[in-house]
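Listed below, chain by chain, are the residues.
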Amino acid sequence: MPPLIVCTETVAPVARHGVVSRISARAVSVLITLMCSGLDVNAQGFEGLESDSIQCLQTGNRSICQRALDKAEVLQRLASTRQAYPCQTMLLGVQADLILQQLGDGRGDLAISDLEAARRGCPGL
């Protein structure tokens, strides 16, 4: 498990950019909560992300979308830590789909397709 200072250094430079800082700070908060509770970061793994993402994309519920976005952020950072850059890129695409859904401009079947591609491209995550 990487030291907490890595998370702080990653978030600090973007903390000046409004919305980005709220998303990043929230993701760090989720990561810290998972670390402090003794749970493995990927205890729910991709299944938790997939379940929340599908609900988000089907219903557009903002709180479910935010929860899915938080999970995607944690997994995306894990992929980065593991230097699984193709997986990280796919998860960034899923995050973009979730944000678009939150904004009311969802991509429907394309977003589901991106989620499925990320599942295939992120084995063991």
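Residues numbered from 1 in each chain as written. Predicted model: local features only at pLDDT ≥ 70, side-chain atom pairs only at ≥ 80, totals over all residues. Heavy atoms only, no water.

(A) Examining the overall build of the protein more closely. Counting its regular elements, the protein contains six helices and zero strands. Taken across its 125 residues, the protein has 36% of its residues classed as buried. Considering only contacts in the protein between residues 6 or more positions apart, those separated by 24 or more positions represent 64%. Entry remark: accessible area of the protein is about 7000 Å², with carbon and sulfur atoms responsible for 57%. (Helix = DSSP H or I, 4+ residues; strand = E, 2+ residues; numbered from the N terminus. Buried < 20%, exposed > 50% of the residue type's maximum accessible area, 1.4 Å probe, protein only. Contact = heavy atoms within 4.5 Å. Areas by Shrake-Rupley, 256 points an atom, 1.4 Å probe, with all protein chains shown as cover.)

(B) Expanded view of helix 3 (residues 45-59). In this model helix 3 runs 22 Å from its N-terminal to its C-terminal C-alpha over 15 residues, within 8% of the 21 Å that 1.5 Å per residue would give. A positive phi of about 75 degrees marks Gly 60, the residue just after helix 3. (Expected span 1.5 Å × (residues − 1).)

(C) Representation of helix 4 (residues 62-81) in the model. Its 20 residues place the ends of helix 4 28 Å apart at the C-alpha level, agreeing with the 28 Å of an ideal helix rising 1.5 Å per residue. Within helix 4, 14 of the 20 residues are buried, leaving the element largely enclosed by the surrounding structure. Gln 83, located one to two residues past helix 4, shows a positive phi value of around 60 degrees.

(D) Looking closely at the state of the cysteines. If you walk through the whole model with that rule in mind, you get two disulfides. The residue that forms a disulfide with Cys 56 is Cys 65, at a sulfur-sulfur distance of 2.0 Å. Handedness here is read from the sign of the S-S torsion; for Cys 56 and Cys 65, about 95 degrees, the answer is right-handed. Accessibility assignment for this pair places Cys 56 and Cys 65 in one class, buried. A disulfide bridge connects Cys 87 with Cys 122, and the sulfur atoms are separated by 2.0 Å. (Disulfide = S-S within 2.5 Å.)

(E) Region of interest: the environment of Gly 60. By secondary structure assignment, the location of Gly 60 is in the loop between helix 3 and helix 4. Relative accessible area serves as the criterion here: at 23%, Gly 60 is assigned to the partly exposed category. Along the sequence, Gly 60 and Gln 102 sit 42 residues apart, while their C-alpha atoms lie 6.4 Å from each other.

(F) View of the nonpolar core. Phe 46, Leu 75, Leu 91, Leu 98 and Leu 125 are the most contacted members of the largest nonpolar core, which totals 19 residues. Contributions of two or more residues to this core are made by helix 3, helix 4, helix 5 (85-102) and helix 6 (109-121). Looking at which element gives the most residues to this core, the answer is helix 4, with eight residues. When sequence neighbours within four positions are dropped, the list of residues in contact with Leu 98 reads Ser 53, Cys 56, Ala 68, Leu 69 and Ala 72. (Core = buried A, V, L, I, M, F, W, Y, C linked by side-chain atoms within 4.5 Å.)

(G) Here's a closer look at the confidence of the model for the protein. Averaged over every residue, the pLDDT of the protein is 77; the share at 70 or more is 66%. Below pLDDT 50 for its whole length, residues 1-17 participates in 14 contacts with residues either more than four positions away or in separate chains. Here residues 33-43 scores under 50 on pLDDT; set against residues more than four positions off or in separate chains, the count is 12 contacts. (pLDDT = per-residue confidence, 0-100.)

(H) Representation of the pattern of salt bridges within the structure. Following the criterion strictly, the structure yields seven salt bridges and no others. A salt bridge links Glu 47 to Arg 119, with the shortest nitrogen-to-oxygen separation between them at 3.7 Å. One end of the pair, Glu 47, is in helix 3; the other, Arg 119, is in helix 6, with 72 residues separating them in the sequence. Residue classification places Glu 47 among the partly exposed residues on the basis of a relative accessible area of 49%. The structure contains a network of salt bridges with shared partners spanning Glu 47, Glu 50 and Arg 119. (Salt bridge = Lys/Arg side-chain N within 4 Å of Asp/Glu carboxyl O.)

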